[in-house]
Amino acid sequence: MRNILIERKVTLNRVNLPVSYLTEEEIKMLVEACKRERDKLLIMVLFQTGLRISEALALTPAAIRSFEGRPALEVVGKGRKPRLVALPVNLRMRLESYAYRARIEPRMRFFRINRHRAWQILNEAREAAGLQKRVFPHLLRHSDAIIRLRKTGNPKALQYHLGHNTPAMTLRYLSTLTQEDALRVQQEVEFGGVRGYE
């Protein structure tokens, strides 16, 4: 028998847990550690678009669209729900250039690898970059979300961007930023000396 109050409490507690993520500098180190252009692009796509690994591996040149004159990706996410995802201009140019040089047709996948190989690529890049953090495809999605939320301050737009059904996960990103900001504020507090302890 389901206890809705317990389920709701567990969900609320999860919202308060901070989310692990990589900084833009750590992402740059991962990309620079890759030898193959395909691998660099995979990391950039996962990070700069926030796609799930299954969405990224299904990407084709035909998925590149335009929205109000700016590049976007047409993605089919969980539950076969389509959505448009922002695509940075420089990443669009790199993807199209790569497709041309690698002779990837419009309906062919950019990344003709499986999920297991994607994990290996990230682990190899992590080791080559000397990063101590555990790196996996979904961590790049978290990293995109945290950085987008920090720059835009718009959790509803982030929820749509990531294809989340409910705001619960998006609230975890917001909670992470709030906890970090609160700690930074508290670290600025200095106490005057107490006699005998100066």
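Everything below is about the structure shown above.
In this report, we go over the structure that sits alongside the text. Along each chain, residues carry numbers from 1 onward, in the same order as the chain's sequence is written. Residue-level local features of this predicted model are given only where pLDDT is at least 70; pairs of side-chain atoms are given and counted only at 80 or more, and the full residue set underlies all totals for whole chains, interfaces and linings. With hydrogens and water set aside, each side-chain value is computed from the structure's full complement of heavy atoms.

1. Section: the overall build of the protein chain
A run of H or I in DSSP counts as a helix once it spans at least four residues, and a run of E counts as a strand once it spans at least two, with each numbered from the N terminus. Across its full length, the protein chain carries 9 helices and 3 strands. Throughout this description, buried means an accessible area under 20% of the type-specific maximum (1.4 Å probe, protein chains only), exposed means over 50%, and partly exposed covers the range between. Considering the protein chain as a whole, with its 198 residues, one finds that 42% of them fall into the buried category. Contact criterion: two residues are considered in contact whenever any of their non-hydrogen atoms come within 4.5 Å of each other. For the protein chain, the proportion of contacts with a sequence separation of at least 24, taken over those separated by at least 6, is 63%. For accessible areas, the Shrake-Rupley method is used with a probe of radius 1.4 Å. Any residue's cover is judged against the shown protein chains and nothing else. Surface summary for the protein chain: the accessible area is close to 12,600 Å², and the carbon and sulfur share equals 54%.

2. Here's the deal with the pairing of strand β3 (residues 82-86)
Burial along β3 is one-sided: the face carrying Arg 83 and Val 85 is buried and the face carrying Pro 82, Leu 84 and Ala 86 is not. Relative to β3, strand β2 (residues 70-76) is paired through 5 bridges, and the arrangement is antiparallel. Residue pairing for β3: Ala 72 is matched across the bridge by Ala 86. The criterion for strand pairing is that DSSP finds at least two bridges linking the strands in question. Taking the residues that link successive antiparallel strands as the turn, the β2-β3 hairpin has 5 residues, and the phi of Gly 79 there is positive, at about 70 degrees.

3. Here's the deal with the side chain of Ser 143
Tracing the sequence through the fold places Ser 143 in helix α7 (residues 137-152). Pairing of N or O atoms within 3.5 Å defines a polar contact, subject to two protein rules: one partner must be a possible hydrogen donor and the other a possible acceptor, and residues neighboring in sequence count only if both atoms are side-chain atoms. At a separation of 2.8 Å, a polar atom in the side chain of Ser 143 contacts the main-chain amide nitrogen of Leu 22. Beyond its immediate chain neighbours, meaning those up to four positions away, Ser 143 contacts Tyr 21, Leu 22 and Phe 47.

4. Some details on the pattern of salt bridges
Oppositely charged side chains may form a pair once their charged atoms are brought near each other. The term salt bridge refers to a side-chain nitrogen of Lys or Arg lying within 4 Å of a carboxyl oxygen of Asp or Glu. Evaluation of the coordinates by the stated rule reveals 14 salt bridges. Among the salt bridges present, the one from Arg 148 reaches Asp 144, with a minimum N-O distance of 2.7 Å. Residue Arg 148 and its partner Asp 144 are both found in helix α7; the two are separated by 4 residues, about one turn of the helix. Owing to a relative accessible area of 24%, Arg 148 belongs among the partly exposed residues under this scheme. Put simply, Arg 150, Glu 180, Asp 181 and Arg 184 are held in one network by salt bridges that share partners.

5. Considerations on the environment of Arg 109
Within the secondary structure, Arg 109 is located in the loop between α5 (89-101) and α6 (115-129). Separated by 51 residues in the primary sequence, Arg 109 and Ala 58 have C-alpha atoms spaced 6.0 Å apart. Within the local environment of Arg 109, its side chain forms a polar contact with the backbone oxygen of Leu 57, the two atoms lying 3.1 Å apart. A polar atom in the side chain of Arg 109 sits 3.3 Å from the backbone oxygen of Phe 111.

6. Concerning the packing of helix α3 (residues 37-49) against α6
How two helices sit against one another is set out by the angle between their axes and by the gap between those axes. Lines fitted to C-alpha atoms define the axes, with helix axes restricted to the stretch in contact, and inter-axis angles between N-to-C directions lie between 0 and 180 degrees. Running from amino to carboxyl end, α3 crosses α6 at an angle of 95 degrees, the nearest separation of the two axes being 11 Å. Classed by the angle they form, the pair α3 and α6 counts as roughly perpendicular. Contacts from Arg 38, Asp 39, Leu 42 and Ile 43 of α3 reach α6 at Arg 117, Ala 118, Ile 121, Leu 122 and Ala 125. Residues belonging to the contact of α3 with α6 are distributed by class as follows: 6 nonpolar, no polar and 3 charged. Oblique is the label for every angle not falling under 35 degrees (roughly parallel), over 145 degrees (roughly antiparallel), or within 65 to 115 degrees (roughly perpendicular). When residue character is reported, Ala, Val, Leu, Ile, Met, Phe, Trp, Tyr, Cys and Pro are called nonpolar, Asp, Glu, Lys and Arg charged, and the others, Gly included, polar.

7. A word on the side chain of Thr 49
Note on placement: Thr 49 falls in helix α3. From its side chain, Thr 49 meets the backbone oxygen of Val 45 in a polar contact 2.4 Å long. With residues near it in sequence (within four places) discarded, Thr 49 still touches Met 44, Leu 73, Val 85, Ala 86, Leu 87, Leu 91, Asp 144, Arg 148 and His 161.

8. Concerning the nonpolar core
Side chains of a nonpolar character, in soluble globular proteins, are inclined to be buried together. Residue types Ala, Val, Leu, Ile, Met, Phe, Trp, Tyr and Cys, when buried and joined through side-chain atoms within 4.5 Å, form a set referred to as a nonpolar core. Counting 43 residues, the largest nonpolar core has Leu 42, Ile 43, Phe 110 and Leu 140 as the members making the most contacts within it. Top element by residues in this core is α3. It accounts for 7 residues. Leaving out residues up to four positions away in the same chain, Leu 140 has contacts with Leu 22, Ile 27, Leu 30, Ile 43, Leu 46, Phe 47 and Leu 122. Val 19, Ala 145, Leu 162 and Tyr 173 belong to the second-largest nonpolar core, a separate cluster that totals 9 residues.

9. A short note on the packing of aromatic side chains
Centre distance within 6.5 Å is the pairing criterion for rings of Phe, Tyr and Trp, where only the six-membered ring of Trp is used; planes under 30 degrees apart are then read as stacked, over 60 as edge-to-face, and the remainder as tilted. Overall, the coordinates contain 2 aromatic pairs when judged by the stated rule. Residues Phe 110 and Phe 111 carry aromatic rings whose centres are separated by 6.2 Å and whose planes lie at 45 degrees to one another, so their mutual orientation is tilted. Note on Phe 110: relative accessible area 2%, which makes it buried. Looking at Phe 111, the relative accessible area reads 0%, which means it is buried. Summarising the aromatic geometry, the rings of Trp 119 and Phe 136 are spaced 6.0 Å apart at their centres and angled 20 degrees between planes, so their arrangement reads as stacked. Taken as a pair, Trp 119 in helix α6 and Phe 136 in the loop between α6 and α7 lie far apart in primary sequence, 17 residues in all. Trp 119 sits in the partly exposed class, given a relative accessible area of 40%. Of the residues examined, Phe 136 reaches a relative accessible area of 15% and is grouped as buried.

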